[in-house]
Amino acid sequence: MVTNTEETPKKSLNFIEAFVEQDLKDGKNGGRIQTRFPPEPNGYLHIGHAKAICLDFGIARNYNGICNLRFDDTNPVKEDVEYVDSIQEDIEWLGYKWQNIYYASDYFQQLWDLAIELIKQGKAYIDEQSAEDIAKQKGSPTVAGTESPYRNRPTEESLALFLKMNTGEIAEGAMVLRAKIDMASPNMHFRDPLLYRVITSHPHHRTGYTWKAYPMYDYAHGQSDYFEGVTHSLCTLEFEVHRPLYDWFIDQFKDSDYRPRQIEFNRLNLTYTVMSKRKMLQLVQENLVSGWDDPRMPTICGLRRRGYSPDAIHNFIDKIGYTKFEAQNDIGLLEHAVRESLNKTVSRVNAVINPVKLIITNYPEGKVEMMETGNNPEDETSGTRLIPFSNVLYIEREDFMEDAPKKFFRMTPRQEVRLKSAYIVKCTGCKKDSEGVIEEIYCEYDALTKSGMPESGRKVKGTLHWVSAQHALQAEVRLYDRLFSIENPSADPRDFRDLLNPDSLRVLTNCFVEPSLQTANALDQFQFQRLGYFNVDPDSTPEKLVFNRTVSLKDSWAKEQQR
RNA sequence: UGUCUUAUGGUGUAAUGGUAGCACUGCAGUUUCUGGAUCUGCCUGUCUAGGUUCGAGUCCUGGUAAGACAACCA
């Protein structure tokens, strides 16, 4: 018997999976695994959320547990159904399905009842000071806070006022409910944290004006986890200091062996990108991008519109891992992941985005041949299609040089090149206008070198893509580059809006694509041969085709030129 | 003069006291009807000083550096 341990090495666990397995081994929570993805519906999801989603849903999937979607909707001032809808759409697009969908607002009554319990136990009180005074009394990380003059008011008084906080009798900002813990705690979060505040100015997107007193995050989030039976509450590193308070609340209310466990991991930082919802909102509101789904945005909907596949995003997140180290992830790795994903799955087509005419002087005018070409060399099952060939073609301007260096393998006088899936041609010259701009390029074809014929096996250094001028469709192509010109815009002291890459979008309107693209649908993905991966923008119509460049192909010639 | 946390090639991530490995990037080559893809090789690393141990990236102590925490945000 041969062991197969060498063939299937055990995949190493990340530290969270290791905790989960240990908890399972220890028999905690009856062997149950339950996670949740808890977005606040105040913005669109971005790739950083995707990292959290993959973890929350992935842990549940791998350990036979469940993952729920819960909207942490405790602040009506910022939240909206628009976001509730987009969040669900994005999670599903990523390929996940929640077991249940919950809202923190579902628990407003339970949270309220528990808060009353806390007041009755003398562990919470109503404070009538201004926000400024309360902030002042908090002290600082190195200086202990001071106690509120309302801290020791009678329980009955707090109880009565708390009820009033929810009737509309109390003005916004006039009173808050605070836990009575320790104003001198070295952990700032223990200095009598706020539990409830009054909001009457905005309706809640689900409960309208029913509630006037709304619970704060630390209280609502942890208790929501508890109500739902969450076993592993996974969140990002900045909540580490909140964990003792999370545990404190659980300790106040828990009535069995069950307890949720908060574990923090590093958030996703991408080079040349900002990942803050606030900054993204600003980009959108100030029209610095076209919207949340602008293909330059790191939002899920932006990536989708850009042509990223869910598969690419999963691969990327798989590669970066989960640790407690505050990492800067190279956006090049994301680009690698999408190339790797699309290379295997996407059809190759011909498109010329910076066209110049190529005239084959010895090819009969008016003759049209249909050339057979493979759809995807990486996928044997992808089949072939026919593309029209004639005596006038478009090729890329960059593929011709009148005076070419030795390493230039493309169109240049007296040099043979292959026109992909067609013939080998030899350049004979070109015509220039008075400014010296090349208007037409001339070549002669060798009829014996048609693709598939024996002579076509001749060695030529370069292969060019092309479209037939009379058959090609005109199209708009949008070329995207990194949104920011600085590697780490968040660490730069300058305003992030001054750090935008002025060339992050280039729109080319005079592009030509092969006729088969006439019937392409929005979001369909392609490889434009030798150029990169592109998809059909939702703006595209049969009359006016619009394509987005997802990512360019690796270009070793461009690199060579930079030397 | 606080609490919590982190430190492995350029970047990210493994090694769970026992040969520092993988991916991306970069470089060189192979191959190719995409200067793509493929395949091969190479470069580059345990923050620091002590300690425990037969043996330390891993455990302990001190230092250094970095991050989070003082919203009626989540």
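Residues numbered from 1 in each chain as written. Chains lettered and ligands numbered in written order. Predicted model: local features only at pLDDT ≥ 70, side-chain atom pairs only at ≥ 80, totals over all residues. Heavy atoms only, no water.

(A) Structural view of the sheet that holds strand β6 (residues 194–198). The sheet built from four strands is open, its strands ordered β4-β5-β6-β7 with antiparallel pairing. Looking at the sheet topology across the chains shown, the edges are occupied by β4 (124–127) and β7 (213–215). The mean inter-strand angle of the sheet, taken between neighbouring strand axes irrespective of direction, is 25°. Looking at chain direction, strand β5 (residues 176–179) and β6 are connected through three bridges and run antiparallel. Opposite L177, over in β6, you have Y196 as the bridge partner. Sheet contacts for helix α4 (residues 108–120): β4, β5, β6 and β7; angle to β6, the most-contacted strand, approximately 120°. Strands β4, β5, β6 and β7 of the sheet are contacted by helix α6 (residues 155–165), whose axis makes an angle of about 65° with β4. (Pairing = 2+ DSSP bridges. Helix = DSSP H or I, 4+ residues; strand = E, 2+ residues; numbered from the N terminus. Axes fitted to C-alpha atoms, helices over the stretch in contact; angles between N-to-C directions. Contact = heavy atoms within 4.5 Å.)

(B) How the structure looks around the side chain of R385. Its place among the elements puts R385 in strand β14 (residues 384–389). A residue is classified by how much of its surface remains accessible, and R385, at 15% relative accessible area, is buried. At a separation of 2.8 Å, a polar atom in the side chain of R385 contacts the side chain of N375. Of note is the side chain of R385, whose polar atom sits 2.7 Å from the side chain of E514. The residues touching R385, leaving out its near neighbours within four places in the chain, are R348, V349, N350, M371, E372, T373, G374, N375, E514 and S516. (Buried < 20%, exposed > 50% of the residue type's maximum accessible area, 1.4 Å probe, protein only. Polar contact = N/O pair within 3.5 Å; in protein donor to acceptor, adjacent residues only side chain to side chain.)

(C) Seen up close, the pattern of salt bridges. Applying the stated criterion to the full structure yields 44 salt bridges. A salt bridge links R70 to D72; the shortest N-O distance between them is 3.1 Å. Given a relative accessible area of 0%, R70 falls into the buried group. Taking relative accessible area as the criterion, D72 reaches 11% and is therefore assigned buried. Between R206 and D106 there is a salt bridge whose closest N-O contact spans 3.0 Å. In this pair, R206 is assigned in the loop between β6 and β7 and D106 in the loop between β3 (101–103) and α4, connecting sequence segments 100 residues apart. Assessed through its relative accessible area of 41%, R206 is described here as partly exposed. (Salt bridge = Lys/Arg side-chain N within 4 Å of Asp/Glu carboxyl O.)

(D) Region of interest: the packing of helix α7 (residues 217–228) against helix α8 (residues 243–253). Interaxial distance between α7 and α8 falls to 9 Å at its minimum, and their mutual angle equals 55°. The orientation of α7 relative to α8 falls into the category oblique. Crossing hand, α7 versus α8: right-handed. Contacts from D218, Y219, H221, G222, Q223, D225 and Y226 in α7 reach L245, Y246, F249, I250 and F253 in α8. (Parallel < 35°, antiparallel > 145°, perpendicular 65-115°, else oblique. Left-handed = near helix turned anticlockwise from the far one by under 90°.)

(E) View of helix α2 (residues 47–62). Counted at 1.5 Å a residue, the expected span for α2 with its 16 residues is 22 Å, and the 21 Å between its end C-alpha atoms agrees. Across the 16 residues that make up α2, a large majority, 14, are buried. At the C-terminal side of α2, N64 shows a positive phi close to 60°. (Expected span 1.5 Å × (residues − 1).)

(F) Examining the protein's contact with RNA strand B more closely. Contacts to RNA strand B come from 70 residues, most closely from M188, R348, S451, Q527 and K559. Backbone atoms, meaning sugar and phosphate, make up 65% of the atoms of RNA strand B lying within 4 Å of the protein. E40 places a side-chain nitrogen or oxygen 3.4 Å from a sugar or linking oxygen of RNA strand B. Between RNA strand B and Q529, the relevant distance is 3.3 Å, taken from a base nitrogen to a side-chain nitrogen or oxygen of the residue. Listed by contribution, the elements that provide at least two residues to the surface near RNA strand B are α5 (131–137), β6, α12 (331–345) and α13 (556–561). (Near = heavy atom within 4 Å.)

(G) Inspection of the sheet that holds strand β12 (residues 355–360) at higher detail. Pairing within the open sheet is mixed, and its seven strands lie in the order β19-β16-β17-β18-β12-β15-β20. Strands with a single pairing partner mark the edges of an open sheet, and in this sheet they are β19 (463–464) and β20 (467–468). Relative to β19, strand β16 (residues 416–419) runs parallel, the two being bridged by two bridges. Within β19, the position partnered with R418 by the bridge is T463.

(H) How the structure looks around the environment of E286. Position of E286 relative to the elements: it lies in the loop between α9 (277–285) and α10 (300–306). In this structure the C-alpha to C-alpha distance between E286 and V84, which are 202 residues apart in sequence, comes to 23 Å. A polar atom in the side chain of E286 sits 2.9 Å from the side chain of R497.

(I) Representation of unusual backbone geometry in the model. A positive phi angle, close to 55°, is found at N29, a residue other than glycine. Take N29: it is sitting in the loop between α1 (15–25) and β1 (34–37). The phi dihedral of L523 falls on the positive side, at around 75°, and the residue is not glycine.

Everything listed here is a matter of coordinates, which is why it stays silent on function.
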